[in-house]
Amino acid sequence: MLQITEGSHAVAEIAKFCRPQVVAAYPITPQTHIVEALADMVANCELDAEYITVESEFSALSACLGASAAGSRVYSATTSQGLALMFEVCFNVAGMRQPIVMSIVNRSLGAPLSIWNDQQDSISLRDSGWLQFYAEDNQEATDLHMIAYKVAEDHDVLLPAFVCFDGFILSHTYEPVDMPSQEEVDAYLPAFTPYHRLDAKDPISMGMYATPDYYMEFRYELERAMQRSIDVIKRAGAEFAEQFGRDYSALVESYRLDDAEIAFIAMGSICGTVKDAIDEMRDAGKKVGLAKIRTYRPFPTEELTRALAGVSTVAVLDKNISLGSGGAVGTEVKAMLAGSGITVLDYIIALGGRDVRKRDIAAIVDLADKGVGDMFYGLRTEVL
Amino acid sequence: MTSARDWLRTDRLPHIYCTGCGNGTVINCTLAAISGMGWERDETVFVSGIGCSSRAPGYIQTDSLHTTHGRALAFATGVKLAKPDLNVVVFTGDGDLAAIGGNHFIHACRRNVDMTVVCMNNQIYGMTGGQGSPTTPMGAQSTTTPYGSAEAAFDLAELAVAAGANYVARWTAYHVKELTKAIATGLQTPGLSFIEVMTQCPTNYGRRNKQRRVSDMIEHMRTHALLIEKKRRLESEGTPIPEGMFTVGELVRRARPAMGVRR
């Protein structure tokens, strides 16, 4: 049913419909509305789950890992410093192959302290073994939670998943969202069947020592699962399209790319602004398009290469910086397109909540035309 | 001799605290105690974590470290042990100190690091909008405990006593004179001094817990604070202590070996 709702509440609502049996989270701006809503739902018996009030994000994800290992479907949400504090547990969750789904309400990392949006937090966990989905709007944020559970819990995958959506820009914005019913979600997402779980009658151990004779194979299996997840994501997206009419079967969404000379690559809410700017530039005769990355992990190398086949220049918008190297997405795209003849220019943009407008996107096209890139865009040089 | 006002960064005012918040009172009492110490501003460092309490150093004219959530005491330990000549004062809150930073709290007390820790205990996560904290009383309402908290609350001052702090006192934002005096004693005592201040959060605690007006909250603190000496007397007489009372006063003053004390 179409309803006008805040992004955080839409995500809390869909998290409820996904029937997690355990929810553990710690308050942190701008994620708090989600966990407050879930606390209400559990207290009002709308959601039959254990809601664990914990003393830190470290404890939150640790409790989630324990609950998942015991065979429960688990949900958590965090952002920024909270995710940074979970760093150690994130690697353990993936290593123990627990399909936890966690909403990341993207926010910058301190210091200096900032509560505003960029994507440095989830990007910094790119090597942890979690699937990473990025939403452009609140409808996509809502839908991706169902897909994330389905993919994560698939026995060919068994990896945890982040569903990332931009803090404040999406989380605190009211938009129309077509919210499925409980029955519809149940029809799409079956009950969780753990591949293995802690069971006193059939004891197993998780997370034990792996000597140098075994450790590398565990990491190899994680990478194989990541690669297998590509097909599972496509399948889950296609099934979703069949049931709900919104198609997420592609890991990369192409927008007006067919005859484009310059292609943007971006993730998250900025894609909406980029699309609007592209429409205006197209009206003025400029051949510009967008390749929106919906799945950053696994990185959609094949789809992205195919989508960019005809372009001469790629402008990557990175709402993060891998200090000492460049934007995380730009670096990967450069490696991917090495030797293709396509020019890849990277733009570090919108850090710490710096606003991006359509005219900024147009200005970046002008820079890309001149071959000027690999730079911070929109710096206030007067305060440097 | 300076006055409390000399320590304020007036160019940073007005502050961000809500109308009726008790944190300003606690800052005022702390600065009043400090101004009586004869300290120089450039030999004094304020350290804080995250939360409403931790905004305080931003309004004070000294060097300060506004650190990550819960870690103020670990950062402060580094400051003090690297430069024992500095006076180190930590502002923290119940969420910061007792939840996410609980481990640092007990170990800083155990090591008895020479610093003064002022904890603004408003019994709630104020800055993020009123979620239940480890000091939210059992039964109290918050945004994460809509039908009342089912968990027992920490007694932070008793925890500090058990963990080994040299000086521990608890007062409230109502008891400004006693509080100022306790902070001054804490500043003078070598080792870790812990001063817990019960303070009102009308925005996120009071209005959800039948204390709608700021005056209701202050009246509640006044009428539910039980002087430690009186508590001990009642206990020795076998007189039952009414429910909902909390002790105030000096819980401990001792001279355990301490770290980072100036030679």
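Predicted model, so just to flag it, every value in this text is computed and none were measured.

### Quick word on the overall build of chain B
Turning to step 1, where the next piece is worked out: When helices and strands are tallied, chain B shows 8 helices and 8 strands.
Turning to step 2, where the next piece is worked out: Scaling as 2.2 N^0.38, a compact globule of 263 residues should have a C-alpha radius of gyration of about 18 Å, and chain B matches this with 17 Å.
Turning to step 3, where the next piece is worked out: Principal-axis analysis of the C-alpha atoms places the extent of chain B at approximately 50 × 45 × 35 Å.
Turning to step 4, where the next piece is worked out: Contacts in chain B between residues far apart in sequence, at least 24 positions, make up 70% of those at least 6 positions apart.
Turning to step 5, where the next piece is worked out: When the accessible surface of chain B is summed, it comes to about 11600 Å², and 52% of that surface belongs to carbon and sulfur atoms.
Turning to step 6, where the next piece is worked out: Once the 28 positive and 22 negative side-chain charges of chain B are each reduced to a mean point, those two points are 2 Å apart.

### Concerning the pairing of strand 11 (residues 288-293) of chain A
All names here are of chain A.
Turning to step 1, where the next piece is worked out: Burial runs high along strand 11: 6 of the 6 residues are buried.
Turning to step 2, where the next piece is worked out: Burial along strand 11 is two-sided: Val 288, Leu 290 and Lys 292 and Gly 289, Ala 291 and Ile 293, pointing in opposite directions, are all buried.
Turning to step 3, where the next piece is worked out: Bridge analysis of strand 9 (residues 252-255) against strand 11 gives 4 bridges, and the strand direction is antiparallel. Counterpart to Tyr 255 in the pairing with strand 11 is Leu 290.
Turning to step 4, where the next piece is worked out: Across 5 bridges, strand 10 (residues 262-266) lies against strand 11 in parallel orientation. Bridge pairing in strand 11 links Phe 264 to Leu 290.
Turning to step 5, where the next piece is worked out: Remark: the strand 10/helix 10 (residues 270-283)/strand 11 crossover connection has right-handed handedness.

### Focus on the side chain of A:Arg297
All names here are of chain A.
Turning to step 1, where the next piece is worked out: Take Arg 297: it is sitting in strand 12 (residues 295-297).
Turning to step 2, where the next piece is worked out: A polar contact of 2.9 Å, which involves the side chain of Arg 297, links it to the side chain of Glu 332.
Turning to step 3, where the next piece is worked out: Residues in contact with Arg 297, not counting those within four places in the same chain, are Arg 126, Asp 127, Trp 130, Leu 131, Gln 132, Met 226 and Glu 332.

### Let's talk about the side chain of A:Asn138
All names here are of chain A.
Turning to step 1, where the next piece is worked out: By secondary structure assignment, the location of Asn 138 is in helix 7 (residues 138-153).
Turning to step 2, where the next piece is worked out: Of the residues examined, Asn 138 reaches a relative accessible area of 1% and is grouped as buried.
Turning to step 3, where the next piece is worked out: At 3.2 Å, the side chain of Asn 138 and the backbone oxygen of Leu 170 are in polar contact.
Turning to step 4, where the next piece is worked out: Among all residues touching Asn 138, those that are not within four sequence positions of it are Gly 7, Phe 165, Leu 170, Thr 173, Glu 175 and Val 177.

### With respect to the packing of helix 1 (residues 23-35) of chain B against helix 6 (residues 176-188) of chain B
Residue and element names in this part refer to chain B.
Turning to step 1, where the next piece is worked out: Two numbers describe how helix 1 lies on helix 6: the axes approach to 8 Å, and their chain directions differ by 50°. On the basis of their axis angle, the class for helix 1 and helix 6 is oblique. Like other packed secondary-structure pairs, helix 1 and helix 6 cross with a definite hand, here right-handed. Contact with helix 1, carried on its side by Thr 25, Val 26, Cys 29, Thr 30, Ala 32, Ala 33 and Ile 34, involves Val 176, Leu 179, Thr 180, Ile 183, Ala 184 and Leu 187 of helix 6 and no other residues of that element.
Turning to step 2, where the next piece is worked out: When grouped by side-chain class, the residues that make up the contact of helix 1 with helix 6 number 10 nonpolar, 3 polar and no charged.

### Brief notes about the interface of chain A and chain B
Turning to step 1, where the next piece is worked out: With 18 residues of chain A at the contact, the number on the chain B side is 17 residues.
Turning to step 2, where the next piece is worked out: Between chain A and chain B, a total of about 1300 Å² is buried, with carbon and sulfur atoms accounting for 59% of that surface.
Turning to step 3, where the next piece is worked out: Run the count over chain A and chain B and you get 0 salt bridges.
Turning to step 4, where the next piece is worked out: In this structure, the connection of chain A to chain B is made through 7 residue pairs in polar contact (both at pLDDT 80 or more).

### Points about the domain arrangement of chain A
Residue and element names in this part refer to chain A.
Turning to step 1, where the next piece is worked out: You can read the domains of chain A as domain 1 (2-244) and domain 2 (252-383).
Turning to step 2, where the next piece is worked out: Once you take the C-alpha centre of each, domain 1 and domain 2 turn out to be 27 Å apart.
Turning to step 3, where the next piece is worked out: Taken together, the 27 residues of domain 1 in the interface contact 25 residues of domain 2.
Turning to step 4, where the next piece is worked out: Approximately 2000 Å² of surface area, both sides summed, lies buried where domain 1 meets domain 2, with 52% of it carried by carbon and sulfur atoms.
Turning to step 5, where the next piece is worked out: Sorting the residues of domain 1 by area buried against domain 2 places Arg 126, Tyr 134 and Glu 136 first, and these three jointly supply 30% of that buried surface.
Turning to step 6, where the next piece is worked out: Along the contact surface separating domain 1 from domain 2 lie 5 salt bridges.
Turning to step 7, where the next piece is worked out: Between Lys 292 and Glu 140 there is a salt bridge; the shortest N-O distance is 2.8 Å.

### A short note on the sheet that holds strand 3 (residues 50-53) of chain A
All names here are of chain A.
Turning to step 1, where the next piece is worked out: Spatial strand order, 3-2-4-5-7-6-12: 7 strands in an open sheet with mixed pairing. Either end of the sheet is taken by a strand with one partner, and the two such strands are strand 3 and strand 12. Strand-to-strand twist in this sheet, taken as the mean axis angle between neighbours without regard to direction, amounts to 20°.

### Notes on the packing of helix 7 of chain A against helix 9 (residues 215-244) of chain A
Residue and element names in this part refer to chain A.
Turning to step 1, where the next piece is worked out: One way to put it is that helix 7 packs onto helix 9 with a least axis distance of 9 Å and a crossing angle of 135°. Considering their axes alone, helix 7 and helix 9 lie oblique with respect to each other. As for how helix 7 packs across helix 9, the hand of that crossing is right-handed. On helix 9, the residues that touch Asp 143, Met 146, Ile 147, Lys 150 and Val 151 of helix 7 are Ser 229, Val 232, Ile 233, Ala 236, Gly 237, Glu 239, Phe 240 and Phe 244.
Turning to step 2, where the next piece is worked out: Tallied by class, the residues present in the contact of helix 7 with helix 9 amount to 8 nonpolar, 2 polar and 3 charged.

### Things to note about the confidence of the model for chain B
Turning to step 1, where the next piece is worked out: Of all residues in chain B, 100% have pLDDT values of 70 or greater, and the mean over the chain is 96.
Turning to step 2, where the next piece is worked out: Across the interfaces of the predicted complex, the ipTM metric reaches 0.89, alongside a pTM of 0.94.

### Regarding the nonpolar core
Turning to step 1, where the next piece is worked out: Counting residues in each nonpolar core, the largest one holds 56 residues, and the members touching the most others are A:Ile34, A:Leu38 and A:Tyr75.
Turning to step 2, where the next piece is worked out: One finds A:Ala60, A:Ala94, A:Leu125 and A:Ala307 within the second-largest nonpolar core, a separate group that totals 54 residues.

### Here's the deal with a nonpolar patch on the surface
Turning to step 1, where the next piece is worked out: Judged by side-chain polarity, A:Phe376, A:Leu379 and A:Leu384 come together as a nonpolar surface patch covering roughly 330 Å² of accessible area.
Turning to step 2, where the next piece is worked out: Positionally, A:Phe376 belongs in strand 15 (residues 375-376).

Conventions used here
Residues numbered from 1 in each chain as written. Chains lettered and ligands numbered in written order. Predicted model: local features only at pLDDT ≥ 70, side-chain atom pairs only at ≥ 80, totals over all residues. Heavy atoms only, no water. Helix = DSSP H or I, 4+ residues; strand = E, 2+ residues; numbered from the N terminus. Rg over C-alpha atoms; globule rule 2.2 N^0.38 Å. Contact = heavy atoms within 4.5 Å. Areas by Shrake-Rupley, 256 points an atom, 1.4 Å probe, with all protein chains shown as cover. Lys, Arg positive; Asp, Glu negative; His and termini not counted. Charge placed at Lys NZ, Arg CZ, Asp CG, Glu CD. Buried < 20%, exposed > 50% of the residue type's maximum accessible area, 1.4 Å probe, protein only. Pairing = 2+ DSSP bridges. Right-handed = clockwise from strand over helix to strand, strands pointing away. Polar contact = N/O pair within 3.5 Å; in protein donor to acceptor, adjacent residues only side chain to side chain. Axes fitted to C-alpha atoms, helices over the stretch in contact; angles between N-to-C directions. Parallel < 35°, antiparallel > 145°, perpendicular 65-115°, else oblique. Left-handed = near helix turned anticlockwise from the far one by under 90°. Nonpolar A, V, L, I, M, F, W, Y, C, P; charged D, E, K, R; others polar. Buried area = accessible area lost by both parts, 1.4 Å probe. Salt bridge = Lys/Arg side-chain N within 4 Å of Asp/Glu carboxyl O. Domains from an automatic or database assignment. pLDDT = per-residue confidence, 0-100. Core = buried A, V, L, I, M, F, W, Y, C linked by side-chain atoms within 4.5 Å. Patch = residues over 30% accessible without salt bridge, like charges linked within 9 Å, V, L, I, M, F, W, Y side chains within 5 Å.

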